[in-house]
Structures are given as C-alpha cells and as structure tokens.
Amino acid sequence: MVKQVELVIDLHDESGGSMSSKIVRSLRDSIDTKKLKSGDVLPPSRRLAKDLGVSRGTIVVAYEQLIAEGYLEARQGSGTVVNPSLSLFQPDEPKKTVKQPTENDVEPRPLRDERDPTQSLGDLTRRPAWKQAWRTAAVSPQLEYELPAQGSAWLQKEIAEHLRVMRATLRDAEDILITGGAREGLGLLLTALGTTRGRNLIIGVEEGGPSTLSAVASQHGAQIVLLPVDKQGLLVRALPNAFLDAVIVTPSYQHPEGAALPLERRHELIAWAKYNGTLIIEDDFDSELRFL
C-alpha cells in the first residue's frame, strides 16, 4: 500500500504570484529535488486546502497545472500521485549514451484536452477584449519614440515577469530579445549560430511538425533532418549523437498529435543536448491560446 505523503508548502515566499502558483512552484521544486518521489500519493484537495487555510479551488487549480505539465497524475480511486513514470535527472550528469527505443518503451499517454480545430486566430480577434487591446495599443505614446534594437525595456520586463509567474522560468529582462515574430527570431538565431560554427548548419525538426520554421531554416542554408515522434511527442532516445547543431521542438503541443512532451523526455532532451552541444529551440506556437 502506498503511503500518503505529508507536504511542506511555503505560502510566504517572496516570488509573488497567486496562491495556486505558489503551491505549484513548491510542489514542482519538491519533485525536482526528489523530496517527492515517483508514485507518492498527495493529500486530497479538500484536506490540503484545510491544512493550508486556502480554498479547495486553489488546490484543484494547482494540481491540474502540475498534471498538465506531467509532474502529477490523477488516478480514479487512488487520488493524485507523483507521476510514476518520472525519471528525474541530475542537471550536471548528462547521459553518455542514447538508447535506441523499442516498442515496449512507448507507453500510451492521453492527449491534451481536445480543442476545436476550426477555431482560428481570426475568431479570437473578433472578441471585444481583443479589439479594445488593439485600440489601446494604437494610441500608446510609446509609438512616438524609436525603440532600442533589443525591443522595449518595459515589454522585456513584462515578458520576464510573465515567464516567471506562468512558466516558472527565471530570466533577466535584459536577456530577452523582442523580434517581429518566430520566423524573424529564428532567422537571427540561425545567423548567429552559423557565424560561430563557420559552416552550413544541420537542424533537426520533428517529423510531421509545423513547416514554417523548417522553411526558415532551409532559407538560411541549413540541412534539415527529420526527427522521429510518436503519440507522446519527440522520441528523444532515438536522436542521433554528435552532428546536429540545433533541434526545433514543440514540447507544449506537438503537431499534429496534440501531445505534451512528458517530463521524463524533457529531462532526457536537455541531457542529450548538453552532451552533444546541441541548441534546443522551442517552437511554442500556440501556448498563449491553449486555455481560450
């Protein structure tokens, strides 16, 4: 019988954000540092809410966020548990070999929430809130001034804060470069990478994935290598060693299957990239629209 673990959650940290985001950060850190292990059973949302003195909805939101990220798993009859399939990696111990996958290695995983495939960005732009945002931006006094090459300092700061609160990613505002879109950003990145390597680049892209960024890479003279995927996303253990300069991946919403890359594979990808000196480029093409 699996014993239910007792959680130590700090609700008074100074990192800011909502109460549920603080709980998410605390639980995520406990799992990453192995204070919580694979298969550990978490307290029911009602009990944890009572223990922490917060609403049950706050706990439910936190649990759902970590389930979506792959840290937790909800099981009927046994509550919420730390994802049993997790294999957490030490960041300074990259894998030395890449094991070739077998059919037994691929486990079925539910796809992300189904979405209406007919909904487009055009549908969203007809909403009053979106129109009001455009009208406000159009009369902004900031448009009267020439922006620095790296983008608006105010926007850099806001993006850094968004990454911290919504993605648990800490970045200095000065490290953020504002571009005219993903294609321009990728073009600048490939130009810089090609300059440092002094040869035509070799870029890996997910088989069947979005073609827009692949076309940008090809226009910059890069050789494109298709990377194998399954219903869970990128097959990290099937990646080749040594010769890829960069890989373009969609871990948040893999096209066309719609799966989120499991946390275990994310750790494997980071370890593989460190070992091979390969740059990981995330194409997060629809992340800000997934909850609309």
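A brief look at the structure comes next.

1. Looking at the pattern of salt bridges
So, point 1. As enumerated under the stated definition, the model contains five salt bridges in all.
So, point 2. As a salt-bridge pair, aspartate 51 and arginine 47 come within 3.6 Å of each other at their nearest N and O atoms. Pair noted here: aspartate 51 and arginine 47 are both in helix H2 (residues 45-52), with a separation of four residues, about one helical turn.
So, point 3. Owing to a relative accessible area of 30%, arginine 47 belongs among the partly exposed residues under this scheme.

2. Things to note about helix H1 (residues 19-32)
So, point 1. The end-to-end C-alpha distance of H1, which contains 14 residues, comes to 20 Å, matching closely the 20 Å that a straight helix rising 1.5 Å per residue would cover.
So, point 2. Burial of H1 is extensive: 11 of the 14 residues sit out of reach of the surface.
So, point 3. For H1, the set of buried residues is Ser20, Ser21, Lys22, Ile23, Val24, Arg25, Ser26, Leu27, Arg28, Ser30 and Ile31.
So, point 4. Positive phi appears at lysine 34, one or two residues downstream of H1, with a value of about 65°.

3. Here we look at the nonpolar core
So, point 1. Counting 21 residues, the largest nonpolar core has Leu7, Leu27, Tyr63 and Leu72 as the members making the most contacts within it.
So, point 2. Looking at this core, the elements that each hand over two or more residues are H1, H2 and helix H3 (56-69).
So, point 3. Those residues in contact with leucine 72 that sit more than four places away from it in its chain are Ile31, Leu42, Tyr63, Leu66, Ile67, Thr80, Val81, Val82 and Asn83.

Conventions we followed
Residues numbered from 1 in each chain as written. Predicted model: local features only at pLDDT ≥ 70, side-chain atom pairs only at ≥ 80, totals over all residues. Heavy atoms only, no water. Salt bridge = Lys/Arg side-chain N within 4 Å of Asp/Glu carboxyl O. Helix = DSSP H or I, 4+ residues; strand = E, 2+ residues; numbered from the N terminus. Buried < 20%, exposed > 50% of the residue type's maximum accessible area, 1.4 Å probe, protein only. Expected span 1.5 Å × (residues − 1). Core = buried A, V, L, I, M, F, W, Y, C linked by side-chain atoms within 4.5 Å. Contact = heavy atoms within 4.5 Å.

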